[in-house]
Amino acid sequence: MATAKKLPSGSWRCRVYDYTDENGKKHYKSFTSDNPKPAGKREAEAAAAAYAVSKKTFQAALEAYIEKRSVVLSPSSVREYKRARKNYKDLKDIRIDDITQEDIQRHVNAFTEGHSPKSVRDNHALISAVLRETRPDFALNT
């Protein structure tokens, strides 16, 4: 994650990569805190981290979740999570902050066709786990 740097004014600034334009120039989003103490550094870094997470797509969040949990899950669970990645084609390119309850319901309704109730529950549980990890404020209706 990005580290804040102290500016000559005493403020802290943390920059996060945003995008590359058509000319190949990289653009960054800047987060500053006017608090010159270490708490100001933490504020700037926290704001930058929140922004970076908000840019993450569901696919990237799912990959990160599987990677993070792979050391504590059984090999068969990891294998099933990796196999299940193909089931989220309709959600994979949506940014985590843009996913709505309606998107999830639409996905579950489509997934229901041709799958057992247990598969549907497992599919929804993985969505719920990924979103809980990246968006603790998001409440899924079950």
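Residues numbered from 1 in each chain as written. Predicted model: local features only at pLDDT ≥ 70, side-chain atom pairs only at ≥ 80, totals over all residues. Heavy atoms only, no water.

Participant: Kindly report on the overall build of the chain, identifying the contributing residues and their values.
Facilitator: Counting its regular elements, the chain contains five helices and three strands. Secondary structure of the chain in N-to-C order comes out as β-β-β-α-α-α-α-α. Relative to a compact globule of 142 residues, whose C-alpha radius of gyration would be 14 Å, the chain shows 19 Å and is clearly more extended. For the C-alpha atoms alone, the extent of the chain along its principal axes is close to 60 × 35 × 30 Å. Burial status across the chain gives 32% buried among its 142 residues. The contacts of the chain with a sequence gap of at least 6 include a subset with a gap of at least 24, amounting to 49%. Summed over all atoms, the accessible surface of the chain reaches about 9200 Å², with 51% contributed by carbon and sulfur. One finds the centroid of the 27 positive side-chain charges in the chain at a distance of 6 Å from the centroid of its 19 negative side-chain charges. (Helix = DSSP H or I, 4+ residues; strand = E, 2+ residues; numbered from the N terminus. Rg over C-alpha atoms; globule rule 2.2 N^0.38 Å. Buried < 20%, exposed > 50% of the residue type's maximum accessible area, 1.4 Å probe, protein only. Contact = heavy atoms within 4.5 Å. Areas by Shrake-Rupley, 256 points an atom, 1.4 Å probe, with all protein chains shown as cover. Lys, Arg positive; Asp, Glu negative; His and termini not counted. Charge placed at Lys NZ, Arg CZ, Asp CG, Glu CD.)

Participant: Residue-level account of the environment of Ala61, with values.
Facilitator: Mapped onto the elements of the fold, Ala61 is located in helix α2 (residues 58-69). Taking the C-alpha atoms as reference, Ala61 lies 37 Å from Ser9; in sequence the two are 52 residues apart.

Participant: So what about the nonpolar core? Which residues, and what values?
Facilitator: Core analysis: the largest hydrophobic core is formed by 20 residues, its most contacted members being Phe58, Leu62, Tyr88, Ile127 and Val130. Elements with a contribution of two residues or more to this core: α2, α3 (75-84), α4 (101-112) and α5 (117-134). Top contributing element to this core by residue count: α5, with six residues. Ignoring anything within four residues of it in the chain, the contact list for Leu62 reads Arg85, Tyr88, Leu126 and Val130. Counting eight residues, the second largest nonpolar core, distinct from the first, contains Ala4, Val16, Phe31 and Ala44. (Core = buried A, V, L, I, M, F, W, Y, C linked by side-chain atoms within 4.5 Å.)

Participant: Can you explain the packing of aromatic side chains? Please cite residues and give values.
Facilitator: In this structure the tally under the stated criterion is four aromatic pairs. Considering the side-chain rings of Tyr17 and Tyr28, the 6.0 Å spacing of their centres and the 80° angle between planes classify their relative orientation as edge-to-face. Of this pair, Tyr17 sits in strand β2 (residues 12-20) while Tyr28 sits in strand β3 (residues 26-33), and the two are 11 residues apart along the sequence. According to the relative accessible area criterion, Tyr17 is partly exposed, its value standing at 39%. An angle of 50° between the planes, with centres 6.3 Å apart, marks the rings of Tyr65 and Tyr81 as tilted. Of this pair, Tyr65 sits in helix α2 while Tyr81 sits in helix α3, and the two are 16 residues apart along the sequence. You can call Tyr81 partly exposed: its relative accessible area is 23%. Sitting above the plane of the Tyr28 ring, Arg15 keeps its charged end 4.4 Å from the centroid. The ring centre of Tyr51 lies 5.8 Å from the NZ or CZ of Lys29, which sits over that ring. (Phe/Tyr/Trp six-rings, centres within 6.5 Å; stacked < 30°, edge-to-face > 60°. Lys NZ or Arg CZ within 6 Å of the ring centre and 35° of its normal.)

Shape is all these values report; function is a separate question.
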